[in-house]
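Examining the three-dimensional arrangement
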Amino acid sequence: MSRYFEQVNVGDVLEPLVRGPFRSAHLMRWSSAMENWHKIHYDRKFAVEHDKLPGILINGTLKQQMIMQFLRDWAGNTGWVWKVGFQFRAMNVEGEVLRLWARVTGKRELPLYGLVDLELGIVNGEQKESTPGTAIIALPYAKGAPVPYPFVPPQGPGSRT
Amino acid sequence: MSLLTAEVQALIGAESSVEAACDEVERGAVRRYVQAYMDNDPIFYSDEVTNPLPWREPVAPPLFPMNMFRRPFGTPDPFSEHDRNPDFDGIVGSTAQGLPPLPLPKTIGLLNAGTEVEVFRYAKHGERVTAKSSYHSITEKQSSKGPMLLVVIETEYRGGEGGLLLRVQKTLIRR
């Protein structure tokens with residue numbers, strides 16, 4: 001799938017990515033793949049009785065991976081997810097279904113490619129936002145050259161390569 | 001009381017040494033990783049799919065290098081010192097990423113406030129990865145609970161030939 005800059009409009013809403021309900025097996029599998037042994041992610045007794053949490057927590061690193069997956073799926077292999085920022089504002093716990101959302105907030109035309117600004121987040125079944133953030137994705141022009149790889153950021157603040 | 005003492009300010013700009021991940025980008029580790037976050041994109045395993053793409057061969061997910069810095073062979077088991085501690089929470093390693101710890105009172109806690117990532121290219125299977133961190137900025141703000149520090153640690157991840165893969169800024173709240 002190729003997505004071009006001209007096909008995108010400010011206000012566009014991305015098809016959400018829905019994952020879950022997350023069970024302890026999901027969280028143990030992620031903790032193991034990460035070699036992250038923090039017990040709040042797989043030891044319910046420790047999380048609830050020792051750390052006074054509402055349940056075992058869905059890892060922040062798992063949520064950030066899913067954000068990247070969500071954005072890459074939208075950008076396709078001809079686009080490039082350049083910048084992503086997010087904050088962990090609230091906990092998500094075992095049993096929750098997470099819905100990743102994003103909306104196009106701006107577009108900028110540059111000589112080599114176009115940049116698309118997005119706002120994004122992750123909400124649970126109660127529509128509580130846990131991970132608000134923003135992203136910038138580079139897309140090729142329909143009749144333009146491919147987005148350079150490795151990615152070459154535009155000149156200006158924040159571009160220090 | 002200010003947390004931004006002269007000793008803390010002196011660490012702004014301090015850099016870690018260049019650390020090499022103990023293993024190269026392993027195909028099996030990539031498989032376990034993408035299966036664990038439920039991503040079936042064939043760019044992580046298929047030569048047929050990746051050959052016509054700019055990266056030409058299977059790659060790791062963009063944030064994978066952040067998780068490659070693990071305990072090498074032959075190093076002490078970090079769990080062993082907690083054998084008799086039922087309160088051990090399982091956390092091993094440091095959040096300082098090779099940087100000198102901030103000289104703060106022991107009562108000062110730590111919260112992860114957010115992450116900003118810039119991605120430049122994917123790491124390839126078999127590629128060696130290095131990381132270098134610095135205290136990018138340390139600023140003080142007043143909160144309802146008193147002073148707090150916003151500590152931004154920047155880490156650059158580079159591939160086998162030294163090219164930049166990722167630049168990550170993590171903001172930590174210390175209060």
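Conventions we followed
- Residues numbered from 1 in each chain as written.
- Chains lettered and ligands numbered in written order.
- Predicted model: local features only at pLDDT ≥ 70, side-chain atom pairs only at ≥ 80, totals over all residues.
- Helix = DSSP H or I, 4+ residues; strand = E, 2+ residues; numbered from the N terminus.
- Contact = placed C-beta atoms within 7 Å.
- Pairing = 2+ DSSP bridges.
- Axes fitted to C-alpha atoms, helices over the stretch in contact; angles between N-to-C directions.
- Buried ≥ 20, exposed ≤ 12 C-beta atoms within 10 Å, placed from the backbone.
- Arc of directions from axis to C-beta.
- Parallel < 35°, antiparallel > 145°, perpendicular 65-115°, else oblique.
- Left-handed = near helix turned anticlockwise from the far one by under 90°.
- Nonpolar A, V, L, I, M, F, W, Y, C, P; charged D, E, K, R; others polar.

1. With respect to the overall build of chain B
Counting secondary structure elements, chain B contains three helices and five strands. Helices and strands appear in chain B in the N-to-C order α-β-α-α-β-β-β-β. For the C-alpha atoms alone, the extent of chain B along its principal axes is close to 60 × 40 × 30 Å. Nonlocal contacts in chain B, meaning residues at least 24 apart in sequence, comprise 71% of its contacts between residues at least 6 apart.

2. Brief notes about the sheet that holds strand S4 (residues 146-158) of chain B
Strand order in the open sheet formed by 10 strands is S1(A)-S3(A)-S4(A)-S5(A)-S2(A)-S2(B)-S5(B)-S4(B)-S3(B)-S1(B), and the pairing between neighbours is antiparallel. Two strands in the sheet have a free side with no partner beyond their single neighbour: strand S1 (17-19) of chain A together with strand S1 (19-20) of chain B. Examined bridge by bridge, S1(B) and strand S3 (residues 130-143) of chain B share two bridges and lie antiparallel to one another. Note that in S3(B) the partner of B:Glu19 across the bridge is B:Ala131. Contacts from helix H3 (residues 60-75) of chain A reach S1, strand S2 (80-86), strand S3 (98-109), strand S4 (114-123) and strand S5 (133-139) of chain A together with strand S2 (110-119) of chain B within the one sheet, and its direction differs from that of S2(A) by about 145 degrees.

3. Considering helix H2 (residues 27-36) of chain B
When we look at burial in H2(B), the residues that qualify are B:Val30, B:Tyr33, B:Val34 and B:Ala36. Each buried residue of H2(B) lies within a common arc of 160 degrees when the element is viewed along its axis, so the set occupies one face. Looking at the buried side of H2(B), the elements it contacts are helix H1 (24-34) of chain A. B:Met38 sits one or two residues past H2(B) and shows a positive phi near 65 degrees.

4. Remarks on the pairing of S5(A)
Residues and elements named next belong to chain A. The element S5 is largely enclosed, with a buried count of six among its seven residues. In terms of strand pairing, S2 meets S5 through six bridges, oriented antiparallel. By the bridge assignment, Val 81 is partnered in S5 with Ile 137. Alignment of S4 against S5, held across seven bridges, turns out to be antiparallel. Each residue of the ladder has a partner; that of Leu 118, found in S5, is Ala 135.

5. Quick look at the packing of H1(A) against H2(B)
Two numbers describe how H1(A) lies on H2(B): the axes approach to 9 Å, and their chain directions differ by 150 degrees. Between H1(A) and H2(B), the angle is such that the two are roughly antiparallel. Read as a crossing pair, H1(A) and H2(B) show a hand that is left-handed. Packed against H1(A), whose contacting residues are A:Arg29, A:Trp30 and A:Ala33, the element H2(B) presents B:Arg32, B:Tyr33 and B:Ala36 at the interface. Taken together, the residues of the contact of H1(A) with H2(B) break down into four nonpolar, no polar and two charged.

6. With respect to the environment of B:Val151
Considering the arrangement of structural elements, one finds B:Val151 in strand S4. Along the backbone, B:Val151 and B:Gln169 are 18 residues apart, and their C-alpha atoms lie at a distance of 9.8 Å.

7. Side note on the pairing of S2(B)
Pairing geometry for S2(A) and S2(B), over four bridges, is antiparallel. When the bridges of S2(B) are listed, A:Val84 appears paired with B:Val117. Bridge analysis of S2(B) against strand S5 (residues 164-174) of chain B gives nine bridges, and the strand direction is antiparallel. From the neighbouring strand, B:Thr115 faces S5(B), where its bridge partner is B:Lys170.

8. Section: the interface of chain A and chain B
At the junction of the two partners, chain A supplies 31 residues and chain B supplies 32 residues. Mapped onto the side of chain A that touches chain B, the elements with two or more residues apiece are H1, H3 and S2 of chain A. By residue number, the principal contributor to the side of chain A that touches chain B is H3(A), which donates seven residues. A per-class count over the side of chain A that touches chain B returns 16 nonpolar, 10 polar and five charged.

9. Some details on H1(A)
Taken residue by residue, H1(A) has A:Leu27, A:Trp30, A:Ser31, A:Ala33 and A:Met34 as its buried positions. Along the axis of H1(A), the buried positions cluster into a sector of 165 degrees, meaning they face one direction only. On the buried face of H1(A), the contacting elements are H3 of chain A together with H2 of chain B. Two residues or fewer after H1(A) comes A:Glu35, characterised by a positive phi angle close to 55 degrees.

10. Some words on unusual backbone geometry
Going from A:Gly20 to A:Pro21, the amide bond is cis rather than trans, its omega being 5 degrees. Summarising the element assignment, A:Pro21 is placed in the loop between S1 and H1. For the bond from A:Tyr149 to A:Pro150, the omega torsion is -5 degrees, close enough to zero to count as cis. Within the secondary structure, A:Pro150 sits in the segment after S5. Even without glycine at this site, A:Lys52 takes up a positive phi of about 60 degrees. Among the structural elements, A:Lys52 can be located in the loop between helix H2 (44-50) and H3. The phi torsion at B:Met38 lies on the positive side, around 65 degrees, for a residue other than glycine. By the element assignment, B:Met38 lies in the loop between H2 and helix H3 (47-50). When the 16 C-beta atoms within 10 Å are taken as the criterion, B:Met38 is described as partly exposed.

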